[in-house]
Amino acid sequence: MTDERSATAAPVTGLRERKKRRTRNALMRAALVLFLSQGYERTTVDEITDAVNVSQRTFFRYFANKEEVVFALQELVESRFVAELHARPAAEGPFEALRGAALAAWDTVEVALSEVVPVDLYMRSYRLIESTPALLAVHLRRSTELEERISRLIGAREGLDVDADPRPRVAVAAFCGVMRVTGRLWGRGEDTSVESIRELTESYLDRIGPALTSSWRGPA
């Protein structure tokens, strides 16, 4: 009897979770489309729920506010990067591991996002954040928190106490600075593809070592 109940409960539970996931993804897609077409500030929760044909109560079951919708996708991609960093070979140096994780995350971002939103919609959300003061402020705060998390991960990889040895935070600050610059420059360009931001990121990361350790002056 117990086995029969378990066999019945498992598919029901799985179906319920898939339905929740579909609803959450639909809310994210609808919200991003509206934010990008008419602006973040001008879009209401009612408009988002009307687009998905669900109630406000359903929206707030998944998201505390509109802001959370925007950054849900950012969290997904950041989690991808952190997972890639965890998986980097132990023999790699800190900056080599950060670079490899960043490029690997861009290489797999489309697969990670495909179930949630079209990758183009996600890429365009970068510009939405940069052009919306309220979102940009949240983004900068979240970036600081992520930077500290990565610093501690690098410290653990190297067997260092980040509160006693500044090197993990210094390396991560340089890395994250490059990521912010390339994201901003990419956002100003016409090419919004994943390939273009990956190429720009790789180019800038490859220049950080010479920029910090070499003379920039030519022969006198």
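Use the structure listed above.
Given the structure is predicted, the values throughout are model-derived calculations rather than measurements.

Caption draft 1: Summary view of the layout of surface pockets. The space that makes up the largest pocket amounts to roughly 650 Å³. Looking at the largest pocket, it is lined by 26 residues, and the ones nearest its centre are Tyr 126, His 139, Leu 146, Met 179 and Arg 180. Of all elements in the fold, only helix H4 (66–87), helix H5 (94–113), helix H6 (119–131), helix H7 (133–158), helix H8 (167–188) and helix H9 (194–213) reach the threshold of two or more residues within the lining of the largest pocket. Tallying contributions element by element places H8 first for the lining of the largest pocket, with seven residues. Grouping the amino acids of the lining of the largest pocket by side-chain chemistry returns 16 nonpolar, six polar and four charged.

Caption draft 2: Looking closely at the nonpolar core. With 35 residues, the main nonpolar core has Phe 35, Phe 63, Leu 73, Trp 106, Val 109, Tyr 122 and Met 123 as its most contacted residues. Elements represented by at least two residues in this core include exactly helix H1 (2–38), helix H2 (45–52), helix H3 (56–62), H4, H5, H6, H7 and H9. In terms of residues, this core owes the most to one element, H6, which gives seven residues. Apart from residues lying up to four places away in sequence, Val 109 is in contact with Val 77, Val 119, Tyr 122 and Val 194. Ala 105, Leu 146, Val 178 and Ile 208 belong to the second largest nonpolar core, which has 18 residues in total.

Caption draft 3: Inspection of the side chain of Ser 125 at higher detail. Along the chain, the position of Ser 125 falls in helix H6. Ignoring sequence-local partners within four residues, the contact set of Ser 125 consists of Leu 32, Leu 36 and Gln 74.

Caption draft 4: A look at the packing of aromatic side chains. Going through the model one piece at a time under the given rule, you end up with eight aromatic pairs. Consider the rings of Phe 59 and Phe 63, whose centres lie 5.7 Å apart with planes at 45°: the pair is tilted. Classification of Phe 63 by relative accessible area gives buried; the value is 1%. Where Phe 95 meets Phe 175, the ring centres are 6.4 Å apart and the plane angle is 80°; that geometry is what we call edge-to-face. Of this pair, Phe 95 sits in helix H5 while Phe 175 sits in helix H8, and the two are 80 residues apart along the sequence. Linked through ring pairs, Trp 106, Tyr 122, Tyr 126 and Trp 186 together constitute an aromatic cluster. Above the ring of Tyr 40, the side-chain terminus of Lys 66 is found at 4.5 Å from the ring centroid.

Caption draft 5: Main features of a negative patch on the surface. Taken together, the side chains of Glu 110, Glu 190, Asp 191, Glu 195 and Glu 199 present a region of like negative charge at the surface. Mapped onto the elements of the fold, Glu 190 is located in the loop between H8 and H9.

Caption draft 6: Up close: the pattern of salt bridges. Tallied over the full model, the rule gives 16 salt bridges. Residues Glu 75 and Arg 142 are paired through a salt bridge, measuring 3.9 Å at the closest nitrogen-oxygen approach. Of this pair, Glu 75 sits in helix H4 while Arg 142 sits in helix H7, and the two are 67 residues apart along the sequence. For Arg 198, the salt bridge identified is with Glu 202, shortest N-O distance 3.1 Å. With Arg 198 and Glu 202 both in helix H9 and four residues apart, the pair spans about one turn of that helix. On the basis of relative accessible area, Glu 202 is assigned to the partly exposed category, the value being 26%.

Caption draft 7: Quick look at unusual backbone geometry. Phi is positive for Asn 53, which is not a glycine, with a value near 65°. Among the structural elements, Asn 53 can be located in the loop between H2 and H3.

Scoring rules and cut-offs
- Note that residues are indexed from 1 along each chain, following the sequence as it is written.
- This being a predicted model, a pLDDT of at least 70 is required before a residue's local features are given, and a value of 80 or more before pairs of side-chain atoms are given or counted; all residues contribute to the totals for chains, interfaces and linings.
- Heavy atoms throughout the structure, all of them, feed into the side-chain values; hydrogens and water do not.
- Two kinds of site are reported from a 1 Å grid over the protein atoms alone, namely cavities, where a 1.4 Å probe fits but cannot get out, and pockets, open sets with protein on both sides within 12 Å along at least five of seven lines, and residues are called lining when an atom falls within 4 Å of a point.
- Grid points are joined across faces, edges and corners, and a volume is the space filled by probe spheres set on the points.
- Here a strand is any run of E in DSSP of at least two residues, a helix any run of H or I of at least four, and the numbering for each starts at the N terminus.
- Amino acid classes used here: Ala, Val, Leu, Ile, Met, Phe, Trp, Tyr, Cys and Pro are nonpolar; Asp, Glu, Lys and Arg are charged; the rest, including Gly, are polar.
- For this analysis, a nonpolar core means a set of buried residues of the types Ala, Val, Leu, Ile, Met, Phe, Trp, Tyr and Cys, connected via side-chain atoms within 4.5 Å.
- Burial status follows relative accessibility: with a 1.4 Å probe on protein chains alone, a residue under 20% of its type maximum counts as buried, one over 50% as exposed, and anything between as partly exposed.
- Working rule for contacts: check all heavy atoms of both residues, and any pair within 4.5 Å makes them a contact.
- Stacked, edge-to-face and tilted are the three classes for Phe, Tyr and Trp ring pairs, Trp counted by its six-membered ring, which pair at centre distances within 6.5 Å; planes under 30 degrees apart are stacked, over 60 edge-to-face, the rest tilted.
- Two thresholds decide whether a charge sits over a ring: the Lys NZ or Arg CZ must be within 6 Å of the ring centre and within 35 degrees of the ring normal.
- Two joining distances apply to patches: 9 Å for like charges and 5 Å for nonpolar side chains (Val, Leu, Ile, Met, Phe, Trp, Tyr), and every residue must have over 30% relative accessible area and no salt bridge.
- Residue burial considers only the protein chains on display, and all accessible areas are found by Shrake-Rupley using a 1.4 Å probe.
- We define a salt bridge as a contact between a side-chain nitrogen of Lys or Arg and a carboxyl oxygen of Asp or Glu at a distance within 4 Å.
- Two residue types count as positive, namely Lys and Arg, and two as negative, namely Asp and Glu; His and chain ends fall outside the count.
- The atom standing in for a charge is NZ when the residue is Lys, CZ when it is Arg, CG when it is Asp and CD when it is Glu.

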